[in-house]
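# What the coordinates show
Each chain, letter by letter, is given below.
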Amino acid sequence: MECGGSDGGDWVWMRRPTEAEAMAAAATEQGRLVVSAAATEVEEEERPLKVVFASPAEYFTDAAPVGNGSLGGMVWGGVATEKLQLNHDTLWTGVPGNYTDPEAPAALAVVRALVNQGRFADATAVATHLFGGQSEVYQPLGNVNLEFGASNQVYDSYKRELDLHTATVVVTYSIGAVQYTREHFCSNPHQVIVTKISANTPGQVSCTLSLSSQLENNVTVTNANEVVMEGICPGQRPGLRNGDSNDVIGIRFSAVLGLQIGGNTTKAAALNDQKLRLDNADWVVLVVAASSSFGGPFVNPADSKLDPTSIALNTINRARDLTYAQLRAAHLDDYQSLFYRLTIQLSRGLKDTHGSLTEKERPKEEVGEEIRTSADRVKSFSIDEDPSLVELLFQYGRYLLISCSRPGTQVSNLQGIWNQDVAPAWDAAPHLNINLQMNYWPALPCNLSECQEPLFDFLTSLAVNGSKTAKVNYQASGWVTHHVSDVWAKSSAFLKNPKHAVWPMGGAWLCTHLWEHYQFSLDKDFLENKAYPLLEGCATFLVDWLIDGPGGYLETNPSTSPEHAFVAPDGQPASVSYSTTMDISIIREVFSAVLLSAEVLGKFDTDLVKNIKKALPRLPPIQIARDRTIMEWALDFQDPEVQHRHLSHLFGLYPGHTITMEKNTDICEAVANSLYKRGEDGPGWSTTWKMALWARLFNSENAYRMVLKLITLVPPGEKVEFEGGLYNNLWTAHPPFQIDANFGFTAAIAEMLLQSTQNDLYLLPALPRDKWPRGCVKGLRARGDVTVNICWDEGELEEAMLWSNHRNSVTRLHYGERFATLRVCSGTVYQFNRGLKCLKAWPLGK
């Protein structure tokens, strides 16, 4: 057996461990290795991971989210009345659209000519003729309403908490001597939201139940234990309904509420065919299912053959055949099989004599003191810098991704799946110039690759519509999509301003996720059958989109840097020019992915590969401005907003890979200067992007400063004077609420702890050693289908383990200035000490 050696890569031959040694250090394939006593002294206890509230929700961002990928719920936790708010990922306004414009080519020619003449303000004005229509709008489903009749009764001992270990929200409170408990979870195996209401005294559960919606609907009580709500989404987005548009048939939907009731004295009855009344039960289990007539992005709802009511009723009937315990067990098996692939512990390094956390280090709610809410922990973070709150936020991002994106669901939108408004901020639509991509940044490194499947399904649909847009609007081959999309896979440009709309790089950025997925999984079937056809179509468009420019370079024209304007040399404001740094960085990334994919698949001699090989050397290089920052535009324009929220020109460092610390020292220095120039303020997603960028620069101090910046409490329902921060339920703020920064935070923390290329692993590259001097993370994923566990103490690496299922290759392992070369054999676990000496190697699964 070969095991990695000393600095410089000398081979060290290790004896094969005995069976007893192998058993003692046995590994599971999901990343839950037991780390040796040398690293942790004792096997660590399970850490509490709870989002805690001490009162019912007053605002949407006080409620606790649950979800199974398509069906979502928000638990408000009221006492006299309760609202379980519902969402379904397919409920959108509109119908399939036409995303082409035969007049666009003429406008494109004019814009290009004006850019070539240096008339950038005029080019920006004419670029409005390249606009497409607005996207459609994500809609709320409705509410399950519960009236308990306790409005005049005093309650105490209230607590509401979302437990990330079980994906369950539990509400408890007491009225007199009676303690009430509600448990809520959203089951992926059975596609229902389940709520159990119980009391510690028999016969104490009484309530009135109903369903309601802001959308056009009809509610019927079918019997004493079932309520059906049928409704329809608007056929067109709000504000555009005129003339015959009100006759457009939108997506139909149904929600069904079914009951299981326990108790000898229970009474249940229908009220006016609209509500259910339940009295004197020992307990009741509510089961909620929902469905829609959405048959895919190319099926007009008027033509859909799907019957949402029948689908929802069948789902309810299957679930009601099972006990609460059976439903919960199936939910836990499914959820925990994903969540427990990765565990993390960060600490200040305080240990008692048994190696466990001291009470000083545990959150207060764990040691029997007065309830300390998650909002309290956020407010005090600037003082106590509690590492366990960072753990919670890291795992919360993983929880939210599991809850809003599963195989077969729609893509995670700007709010995941949770939305209470018929006109949500920015339509809650997928935004393709950072936000949608950020939603999926943690999927691969944080061991949730299946959660990324909806993104690839969405890409497939975008390619269908985008091929028409490319052909008609740009007279180009391949496919293209722009800044904002929706459930109908809108591929045309946006409608508001050229600095938002004129950006045909949305699909190209998304395509980088395809190559990333292959790099992490080494799944050749995925690369050949799913990824490469999409990459091929995208790259074909990009080859056609590039035209001859100044200095012998190829250029993109028109070109914008997302949502950012500049001052043209004539002093006029503008946003349209040519060859922005982001354009070229994305194109370089896609072209490289196609060439590497072609090498894996043996597609060496295709016309596309030949064209890319000719084009790559002609792409303009990244330029450094006079102030030693990265130039955002091809020309060194004056920037009227130097602290703009986007970091588009730094794409090549993260999430891209064309800039590295090892190969591009001068450029990385300019990236750092650019980050300083941009400043620390900005929306939540901007803050977490900065976290990841600083991590890629191996700068732990500044990465951690962004952690501090994000963990700031945003008062709900109030206008705030700062951007970013966290709401009471730990959702991230733009403000208002956008979910992308929750995911960006998780991905950025992963980058601080582990970075990888196809042949290099960097251990703890941006660990803030003085903040988290002791810790352990198990189950991080790296490129090359490698799983990694890392433990550290006193700010230094203590132990690392890694293994792979799919390859036999040479990997370089890095820690600080040290490196070692390892021949990774498929199915073998390798254990290293802080000097990167390989201590043991044994078969995976033994």
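Residues numbered from 1 in each chain as written. Predicted model: local features only at pLDDT ≥ 70, side-chain atom pairs only at ≥ 80, totals over all residues. Heavy atoms only, no water.

An unreviewed UniProt entry annotates the chain as Glycosyl hydrolase family 95 N-terminal domain-containing protein of Urochloa decumbens.

Here we come to the nonpolar core. Judged by nonpolar contacts, the single largest core of 247 residues is most densely connected at Trp 689, Ile 749, Leu 763 and Leu 802. Residue contacts for Trp 689: discarding those within four places in its chain leaves Ile 434, Met 438, Trp 441, Trp 509, Met 582, Leu 647, Ser 648, Tyr 654 and Pro 655. Judged by nonpolar contacts, the second largest core, of 13 residues, contains Val 192, Val 194, Ile 316 and Tyr 324. (Core = buried A, V, L, I, M, F, W, Y, C linked by side-chain atoms within 4.5 Å. Buried < 20%, exposed > 50% of the residue type's maximum accessible area, 1.4 Å probe, protein only. Contact = heavy atoms within 4.5 Å.)

Before going further, it helps to spend a moment on the sheet that holds strand β18 (residues 283-292). Strand order in the open sheet formed by nine strands is β3-β8-β9-β10-β11-β18-β15-β14-β13, with antiparallel pairing between adjacent strands. The two strands at the open ends of the sheet, each matched to only one other strand, are β3 (50-53) and β13 (216-223). Strand-to-strand twist across the sheet, computed as the mean angle between neighbouring axes with direction ignored, equals 15°. By the bridge criterion, seven bridges tie strand β9 (residues 168-175) to strand β10 (residues 178-187) in an arrangement that is antiparallel. When the bridges of β10 are listed, Ser 174 appears paired with Gln 179. The strands touched by helix α6 (residues 324-339) are β9, β10, β11 (192-199), β15 (252-262) and β18; relative to β10, the strand with the most contacts, the crossing angle is about 50°. (Pairing = 2+ DSSP bridges. Helix = DSSP H or I, 4+ residues; strand = E, 2+ residues; numbered from the N terminus. Axes fitted to C-alpha atoms, helices over the stretch in contact; angles between N-to-C directions.)

Tracing the backbone through its elements, the reader meets Pro 48 in the loop between α2 (37-40) and β3. A relative accessible area of 34% places Pro 48 in the partly exposed class. With 277 residues separating them along the chain, Pro 48 and Ala 325 place their C-alpha atoms 22 Å apart.

Turning our eyes to something else, we now look at the environment of Leu 675. For Leu 675, the location among the structural elements is in helix α16 (residues 665-678). As for Leu 675 and Glu 183, which are separated by 492 residues in sequence, their C-alpha atoms are 45 Å apart.

Okay, the pattern of salt bridges next. Taken as a whole and assessed by the stated rule, the structure comprises 28 salt bridges. Here Glu 161 makes a salt bridge to Lys 50, at a shortest N to O gap of 3.1 Å. Remark: Lys 50 occurs in strand β3 and Glu 161 occurs in strand β8 (residues 156-163); sequence separation between them is 111 residues. Taking the relative accessible area as the measure of exposure, Glu 161 reaches 13% and is therefore buried. Exposure remark for Lys 50: the relative accessible area of 29% places this residue in the partly exposed category. (Salt bridge = Lys/Arg side-chain N within 4 Å of Asp/Glu carboxyl O.)

With that out of the way, let us pick up helix α15 (residues 607-615). Those residues of α15 lying buried are Leu 608, Val 609, Ile 612 and Ala 615. Axial view of α15: buried residues confined to an arc of 130°, hence all on one face. Counted as exposed and oriented over 90 degrees from the buried face of α15: Asp 607 and Lys 614. Each element contacted by the buried residues of α15 is listed here: α13 (524-545), β21 (554-555) and α14 (581-601). (Arc of directions from axis to C-beta.)

On average, the chain scores 91 in pLDDT, and the residues at 70 or more come to 91%. When the criterion is pLDDT under 50, residues 4-44 qualifies, and its contacts beyond four places in sequence or with other chains add up to 92 contacts. Here residues 350-368 is a poorly scored stretch, pLDDT under 50, and it has 37 contacts once near neighbours within four places are set aside; other chains count. (pLDDT = per-residue confidence, 0-100.)

Looking now at the state of the cysteines. What the rule picks out here adds up to one disulfide. Across the disulfide, Cys 776 is cross-linked to Cys 791 (sulfur-sulfur distance 2.1 Å). Where Cys 776 bonds to Cys 791 through sulfur, the torsion about that S-S bond is close to -45°, and the disulfide is left-handed. In this pair, Cys 776 sits in strand β26 (residues 774-782) while Cys 791 sits in strand β27 (residues 786-793), placing the two residues 15 residues apart along the sequence. For the pair Cys 776 and Cys 791, one class covers both residues: buried. A disulfide-free cysteine, Cys 404 has its sulfur positioned 8.1 Å from the sulfur of Cys 451, the nearest such atom. Take Cys 538: it sits in no disulfide, and the sulfur closest to it among the cysteines is that of Cys 511, at 4.0 Å. The class for Cys 538 is buried, based on a relative accessible area of 3%. (Disulfide = S-S within 2.5 Å.)

This next bit is on the sheet that holds strand β25 (residues 760-763). Within a sheet, neighbouring strands are paired by backbone hydrogen bonds and run either parallel or antiparallel to one another. The strand order across the open sheet formed by four strands is β24-β25-β29-β30, and the pairing between neighbours is mixed. The sheet is open, and its two borders are formed by β24 (754-756) and β30 (818-824), each paired with just one other strand. Along the sheet, successive strands turn relative to each other by an average axial angle of 20°, direction set aside. Examined bridge by bridge, β25 and strand β29 (residues 809-815) share three bridges and lie parallel to one another.

Moving on, we come to the UniProt feature "domain: Alpha fucosidase A-like C-terminal" (unreviewed entry) in the chain. Under the local residue numbering, the UniProt record ascribes the feature "domain: Alpha fucosidase A-like C-terminal" (unreviewed entry) to residues 755-811. Helix makes up 0% of residues 755-811 and strand 61%, whereas the separation of the span's terminal C-alpha atoms amounts to 13 Å. (UniProt positions renumbered as here; feature names shortened; annotations may be inferred.)

Attention shifts here to the pairing of β18. Here β18 lies mainly inside the structure; nine of its 10 residues are buried. In terms of strand pairing, β15 meets β18 through 10 bridges, oriented antiparallel. Each residue of the ladder has a partner; that of Ile 261, found in β18, is Val 284.

The next subject is unusual backbone geometry. A cis amide bond, omega 5°, links Asn 557 with the succeeding residue Pro 558. Take Pro 558: it is sitting in the loop between β21 and β22 (566-567). Cis peptide bonds are those with omega within 30 degrees of zero, and the linkage from Tyr 654 to Pro 655 qualifies with 10°. Here the phi dihedral of Ser 579 falls at roughly 50°; this positive angle occurs in a residue that is not glycine. Looking at where Ser 579 falls in the secondary structure, it is placed in the loop between β23 (573-574) and α14.

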